[in-house]
Amino acid sequence: MSFTLLSSPLQGFTDFRFRNAQNKFFGGIDTFYSPYIRLNGKLEIKNSYHRDLLPENNEGLEVIPQVLTNDADEFIFVAKYVQSLGYKELNWNLGCPYPMVARPKNPPNVAGVKQSALSQIANKSGMGSGLIKNTEQINNILDRAHSETDIIVSMKMRLGYDTTEEILDVLPILDTYPIKNIAIHARIGKQLYKGGVHLDAFQQCIDNTKHKLYYNGDITSVAKFHEMQERFPSIDHWMIGRGLIADPFLPSMIKNNTTEYPKNKMELFSAFHDTLYEGYSESLSGQTHILLKMHHLWEYFSVIFSNPHKVHKNIKKAKSIRNYEATVKEIIAKEK
């Protein structure tokens, strides 16, 4: 059975620099989803979002933009914006698990506060996986999106925020719209990325929708991929999230059905790292921001080394650009 591999978006990690570098040195990903656009009540596109989606920054890649919102006006605004750049599809994020985004907040009980101000406060949360409970709002946004735009809508969801049953109330609503596909991360929002995936609950989704489903969650090795393939034989689209950042070799290894890394593993990784490092050094201001970005990446990169804990510990100790560059060089030389 043929299959398609997709890059699940991770905010702060899978921007156009990462996408281009991963595709150049490793390949294997058929479609990349961009990290979400979030407006927070203002109908304005940040420069960082614009740069990330510019066609000239994504040449040779299939990229699908994503939006995080609980507001129909915002959805329509972003849909028209991405269409102006030539994109035909917009993915709606109902999966983000982070409490500051997903957890609904009650507006402050303050006399005299304008309703518009209360709405703006409320709109800053109850998004992502926190919106799954709000079936009425989901229906409203989809209704307006399909009646006021001709954008192709796809979804990325979790099973719920508090329970795995929440999604079962949403699927019948989604079945009334021409959704292109629904990618489901088989966890609930409260889990963040902890604990196991809920495979029986994902099967329930397969059994309760007419839409095409994509699987997302804990594909971190070739063996794990095969295990999921056997568990869900009807699924032919697979999303890789954190596993892609931790091991950028993984998609090509899955495609080639091998558990063996290439003989020039460290040479490839070194070139990949240097490309990212140079890109972020040019775009970020000051060594603190550059080091913070690279330290976060190495939380994942360290996994493919023979002593991940020691590698990550040594990277964290590098408090200057000079020390960082020397540490990376030493780590890669030792691994070779």
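Just above, that's the structure.
Nothing here was measured: the structure is a model prediction, and the numbers come from that model. (Residues numbered from 1 in each chain as written. Predicted model: local features only at pLDDT ≥ 70, side-chain atom pairs only at ≥ 80, totals over all residues. Heavy atoms only, no water.)

Colleague: So what's going on with the sheet that holds strand β1 (residues 4-7)? Residues and values would help.
Modeller: Strand order in this open sheet of 9 strands is β3-β2-β1-β9-β8-β7-β6-β5-β4, and the pairing throughout is parallel. Whereas interior strands pair on both sides, the edge strands pair on one side only; in this sheet they are β3 (63-64) and β4 (66-67). With 2 bridges connecting them, strand β2 (residues 31-33) and β3 associate as parallel partners. Pairing of Tyr 33 across the sheet is with Ile 64, part of β3. Its contacts with the sheet put helix α6 (residues 135-148) on β5 (89-94) and β6 (152-160), and the angle it makes with β5 is roughly 175°. (Pairing = 2+ DSSP bridges. Helix = DSSP H or I, 4+ residues; strand = E, 2+ residues; numbered from the N terminus. Contact = heavy atoms within 4.5 Å. Axes fitted to C-alpha atoms, helices over the stretch in contact; angles between N-to-C directions.)

Colleague: Describe the layout of surface pockets, with residues and values.
Modeller: Taken as a whole, the largest pocket spans an internal volume of roughly 550 Å³. What lines the largest pocket is a set of 30 residues, and nearest its centre among them are Pro 9, Leu 10, Gln 11, Tyr 98 and Tyr 193. Sorting the residues of the lining of the largest pocket by element identifies α4 (99-102), β6, β9 (237-240) and α10 (242-246) as the ones contributing at least two each. A per-class count over the lining of the largest pocket returns 14 nonpolar, 12 polar and 4 charged. Its boundaries defined by the atoms lining it, the second largest pocket holds a volume of some 400 Å³. Along the wall of the second largest pocket there are 19 residues; nearest its centre are Asp 15, Ser 48, Tyr 49, Arg 51 and Asp 52. The set of elements that each furnish at least two residues to the lining of the second largest pocket consists of α1 (16-25), α2 (47-53) and α12 (265-283). Among the elements that make up the lining of the second largest pocket, the one with the highest residue count is α2 (5 residues). In terms of residue class, the lining of the second largest pocket is built from 9 nonpolar, 4 polar and 6 charged. (1 Å grid on protein atoms, 1.4 Å probe; cavity = no way out; pocket = protein on both sides within 12 Å on 5 of 7 lines; lining within 4 Å. Points joined across faces, edges and corners; volume = space filled by probe spheres on them. Nonpolar A, V, L, I, M, F, W, Y, C, P; charged D, E, K, R; others polar.)

Colleague: An account of the nonpolar core is needed here, citing residue identities and associated values.
Modeller: Nonpolar side chains tend toward joint burial in soluble globular proteins. Membership of the largest hydrophobic core comes to 95 residues, with the highest contact counts inside it found for Trp 92, Met 155, Leu 174, Tyr 215, Phe 269 and Trp 298. When near neighbours in sequence (up to four residues on either side) are disregarded, Met 155 contacts Asn 91, Trp 92, Leu 94, Leu 142, Leu 174, Ile 179, Asn 181, Ile 182 and Ala 183. Counting 6 residues, the second-largest nonpolar core is a separate cluster that includes Leu 6, Tyr 33, Tyr 214 and Met 239. (Core = buried A, V, L, I, M, F, W, Y, C linked by side-chain atoms within 4.5 Å. Buried < 20%, exposed > 50% of the residue type's maximum accessible area, 1.4 Å probe, protein only.)

Colleague: Explain the side chain of Asn 91 to me, using residue names and the numbers behind them.
Modeller: Looking at the secondary structure, you find Asn 91 in strand β5. For Asn 91, a relative accessible area of 0% gives the class buried. In this structure Asn 91 touches Tyr 33, Ile 64, Pro 65, Gln 66, Val 67, Ser 154, Met 155 and Lys 156, once residues within four positions along its chain are discounted.

Colleague: Which residues make up the side chain of His 295, and what are the values?
Modeller: Inspection of the secondary structure assignment puts His 295 in helix α13 (residues 287-301). With residues up to four places along the chain from it excluded, the contact list for His 295 reads His 312, Ile 315, Lys 316 and Ala 318.

Geometric values such as these leave the question of function open.
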